[in-house]
Amino acid sequence: MIEGISIYELLTVTSILFFIGIYGFITRKNLISVLISVELILNAGAVNFVVINKYLYPDVLQGMIFSIFIIAVAAAETALAISIIINLYRKISSVEVRDVETMKY
Amino acid sequence: MERILFYILALIMIGFALASVMSRRMLRSVIYLLFVLCAVAGVYFMMDYNFLAAIQLTIYAGGIIVLIIFSVLLVHHIEMRMEIARPTRQLLTALACSLGLAAFLSVIYTYDFQVSGPGPGTEVSVIGAKLLDYGEGGFILPFEVISVLLLAAMVGAIVIAKGTKLSENKNEVK
């Protein structure tokens, strides 16, 4: 745990980060920006796991290992999303959300 | 001292996260995300999770950011400003997000967390033993599943990004 910092302050910071990510996810119109917002949301979740592990159960490691898994899944998800975006750009020359309809049917 | 450091890191995190979702230039918003990820790694360092901070710096700040920058450079004109949502929609979303944040914070601040004292430091060998432990509470199965997932994602990304030749899909597009 961090000296002089309570768990409430850390959880406040991660909650703010999470909702900034949701705000970007809804307002952005570009696929890559949506991906950036998803990264923010995933990061806030990972920090929450670590904080609760460190403050409430400091002698086990489950929260930390969960956030390692979150980081691994995020890496896989980003690689796949970017390959899909590049393929879409080749087909329709655009990465705007409203132009994407080739995969709907 | 640590208090001041934490507040600086929190300010960096929130400020650059806001800049990253508000900025109208694609590349700048990716670089702001890089600052947020580095600040998160700083928080991990302050909590004595050095291994996790190293993972955060190498995979997120090193790998994912480079990947996103590459894709921005491949599919986007640098000079182009992105179009943003209508102001009413932005306002509504901001309102909904602050409502959700208020709900989260009220739940967090009314709950009484049983904080226990400072625990022992974490060593990398302990983490490795825990990941490969197949006894009670071990993580060998998720570890193997994650490795298969990463392999599948790698093969899938190559296959999808390669796509078909332009001469072949000309008929499909038009």
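Each value, and the rule that gives it
Residues numbered from 1 in each chain as written. Chains lettered and ligands numbered in written order. Predicted model: local features only at pLDDT ≥ 70, side-chain atom pairs only at ≥ 80, totals over all residues. UniProt positions renumbered as here; feature names shortened; annotations may be inferred. Axes fitted to C-alpha atoms, helices over the stretch in contact; angles between N-to-C directions. Helix = DSSP H or I, 4+ residues; strand = E, 2+ residues; numbered from the N terminus. Parallel < 35°, antiparallel > 145°, perpendicular 65-115°, else oblique. Contact = placed C-beta atoms within 7 Å. Nonpolar A, V, L, I, M, F, W, Y, C, P; charged D, E, K, R; others polar.

Going by an unreviewed UniProt entry, chain B carries the name NADH-quinone oxidoreductase subunit J and comes from Muriicola jejuensis. Quoted verbatim from the Function (unreviewed entry) heading of the UniProt record, the comment on chain B is "NDH-1 shuttles electrons from NADH, via FMN and iron-sulfur (Fe-S) centers, to quinones in the respiratory chain. Couples the redox reaction to proton translocation (for every two electrons transferred, four hydrogen ions are translocated across the cytoplasmic membrane), and thus conserves the redox energy in a proton gradient."

Chain A appears in an unreviewed UniProt entry as NADH-quinone oxidoreductase subunit K from Muriicola jejuensis. The annotation that UniProt attaches to chain A under Sequence similarities (unreviewed entry) is "Belongs to the complex I subunit 4L family." Regarding chain A, the relevant UniProt record gives this comment under Subunit (unreviewed entry): "NDH-1 is composed of 14 different subunits. Subunits NuoA, H, J, K, L, M, N constitute the membrane sector of the complex."

Asks: I'd like a description of the packing of helix 2 (residues 26–46) of chain B against helix 3 (residues 50–75) of chain B, backed by residues and values.
Replies: Any two packed helices are characterised by the angle at which their axes cross and by the distance between the axes. Residue and element names in this part refer to chain B. With their axes 8 Å apart at the nearest point, helix 2 and helix 3 run at an angle of 175 degrees to one another. Considering the angle they form, helix 2 stands roughly antiparallel to helix 3. From helix 2, Met 26, Leu 27, Val 30, Leu 33, Leu 34, Leu 37, Cys 38, Val 40, Ala 41, Tyr 44 and Phe 45 reach across to helix 3, where they touch Asn 50, Leu 52, Ala 53, Gln 56, Leu 57, Tyr 60, Ala 61, Ile 65, Ile 68, Ile 69 and Val 72. Of the residues in the contact of helix 2 with helix 3, the class split is 20 nonpolar, 2 polar and no charged.

Asks: Could you give an account of the UniProt feature "transmembrane region" (unreviewed entry) in chain B, with specific residues and numbers?
Replies: Residues and elements named next belong to chain B. Per the UniProt record, "transmembrane region" (unreviewed entry) is found at residues 6–23, 30–47, 53–78, 90–111 and 139–161. Secondary structure over residues 6–23 splits into 94% helix and 0% strand, and the C-alpha atoms at its two ends are 25 Å apart. Helix makes up 94% of residues 30–47 and strand 0%, and the two end C-alpha atoms of the span are 26 Å apart.

Asks: Break down unusual backbone geometry for me, with residues and values.
Replies: Phi is positive for Asp 48 of chain B, which is not a glycine, with a value near 70 degrees. Along the chain, the position of Asp 48 of chain B falls in the loop between helix 2 and helix 3.

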